[in-house]
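Commentary on secondary and tertiary structure
Next come the chains, spelled out residue by residue.
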Amino acid sequence: MIFKKFLSILSARNKEFLRDRSALAWNILFPALIVAGFAFAFSGEGQDQYKVALYQAEAAQQGESGFLHTKFIQFIPVTDLERAKRKLEHHQFDMLLDLGARVYWVNASSPNGYILERVLQGSSPGEFAKQAVEGRPIRYVDWLLPGVLAMNMMFSALFGVGYVIVRYRKNGVLKRFKATPLTAFEFLAAQVISRLWIIMAITIFVYLGTDLFIDFTMNGSYLNLLLVFTLGATCLIALALLSAMRIASEELAGGILNLLSWPMMFLSGVWFSTGGIHPWLQQLALLLPLTHVIDAARAIMVDGAGLAEISSSLMVLLGMTALFLAIGARFFKWE
């Protein structure tokens, strides 16, 4: 009757969460308020700095035209031409220069691109041939959404599972479970499934609810996005189980969970791109599961990436999930 025991624990955990109305409301309102606030704050047009991508930057000639020395323009070397074109289509770049082929691309619907084109023609007349691309602009709120949803999943997983298990252990609930035929695997599996469906239901509700008012950009597959968030939520829940496998102090648990959540919130690219941070911090960010969830989700929503293009992130999340669950189940302590 293993399945019957599993269902009993699953039902009890679901009822416990759903009866906590304040926690349920906060899980829904918190990400919605963040998305709405940033949508309002960044609703204006234009940016403070122009961004020009340089392909084959090493081909820059001696005494290159004055355009490359123009103030208030950020020149960004790129190695993937097609990916740079997609970013140009989405207005993440204002212009793309191929210094080897001596051509440039601008988005016909970009005001910044028009201005940069006039500057280029004035400073380097006849040096570059023109190409044009078109695309819908990517607003900051479009870029922000995957990070906010993933961040809310992270907090719900870590504190909704890790902290709860520590409380169970401190209050003697786990000790009572130990006296039953229930195994550690059955208990942990019930915790994972219970929190997983709650996280996914809230994430879908928040996305659909805010999309009605903001109309987010979605260039990829909704099924692929659902897969990424499901796998990401499972990995974060497994991390929560790992953090709480032997702790009996709620204060210590809170400190450890904050130690896990805050670096992920700031290094995984929730609020800003990690491209400009120190290289060793970029490498550290790759060790955080939230980084791979956000990168994969953004690739789907913004760039229209398929499963093959995000396969590395999916494999990392699968590996982390298996590792966290294996260690958590092996060293789980009832008392």
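Report follows, based on the coordinates. (Residues numbered from 1 in each chain as written. Predicted model: local features only at pLDDT ≥ 70, side-chain atom pairs only at ≥ 80, totals over all residues. Heavy atoms only, no water.)

**Observations concerning helix α11 (residues 289–303)**
The cut-off we apply is this: Segments assigned H or I by DSSP are reported as helices when at least four residues long, segments assigned E as strands when at least two residues long, and all are numbered from the N terminus. Given a helix with a known number of residues, its expected span is that number minus one, times 1.5 Å. Buried residues are those whose accessible area, probed at 1.4 Å on protein chains only, stays under 20% of the maximum for their type, while exposed residues exceed 50% and partly exposed ones sit between those limits.
Under the 1.5 Å per step criterion, the end-to-end length of α11 is 21 Å for 15 residues, consistent within 8% with the ideal 21 Å. Within α11, 13 of the 15 residues are buried, leaving the element largely enclosed by the surrounding structure. Following α11 by one or two positions, G304 adopts a phi angle in the positive range, close to 70°.

**Here's the deal with the environment of K87**
Formally: We call two residues contacting when some pair of their heavy atoms lies within 4.5 Å.
If you trace the backbone, K87 turns up in helix α3 (residues 81–89). In sequence terms K87 and V302 are 215 residues apart; their C-alpha atoms lie 8.7 Å from each other. When near neighbours in sequence (up to four residues on either side) are disregarded, K87 contacts Q92 and F93.

**Re the packing of aromatic side chains**
What counts, and what does not: Stacked, tilted and edge-to-face are the three classes applied to pairs of Phe, Tyr and Trp rings, where Trp contributes its six-membered ring and a pair requires centres within 6.5 Å; stacked means planes under 30 degrees apart, edge-to-face means over 60, and tilted covers the rest. Here, a charge over a ring means that NZ of Lys or CZ of Arg falls within 6 Å of the ring centre while also lying within 35 degrees of the ring normal.
Here the structure, examined in full by the defined rule, presents four aromatic pairs. Each member of the aromatic cluster is reached from another via a ring pair, and the members are Y207, F216 and Y222. Across the ring face of W143, the terminal group of R298 is positioned such that the distance to the ring centre comes to 3.5 Å.

**Things to note about a nonpolar patch on the surface**
As a reminder, the rule being used: Patch criteria: residues need more than 30% relative accessible area and no salt bridge. Like-charged residues are merged within 9 Å; nonpolar side chains of Val, Leu, Ile, Met, Phe, Trp and Tyr are merged within 5 Å. For the accessible areas, the method is Shrake-Rupley and the probe is 1.4 Å, while residue cover comes only from the protein chains on display. Put simply, a salt bridge is a Lys or Arg side-chain nitrogen that is within 4 Å of an Asp or Glu carboxyl oxygen.
Residues I204, L208, L223 and L226 make up a contiguous nonpolar surface patch of about 380 Å² in total accessible area. Mapped by element, the contributors of at least two residues to the nonpolar patch are α7 (184–214) and α8 (222–243). By the secondary structure assignment, L223 is in helix α8. Taking relative accessible area as the criterion, L223 reaches 66% and is therefore assigned exposed.

**Considerations on the pattern of salt bridges**
Using the criterion set out here, one finds three salt bridges in the structure. A salt bridge links K85 to E82, with the nearest nitrogen and oxygen atoms 3.8 Å apart. Taken together, the positions of K85 and E82, both in helix α3 and three residues apart, correspond to about one turn of that helix. Among the ionic pairs, R102 bridges to E127, the shortest N-O distance being 3.3 Å. Highlighted residues: R102 in the loop between β3 (95–98) and β4 (103–107) and E127 in the loop between α4 (111–123) and β5 (129–133), separated in sequence by 25 residues.

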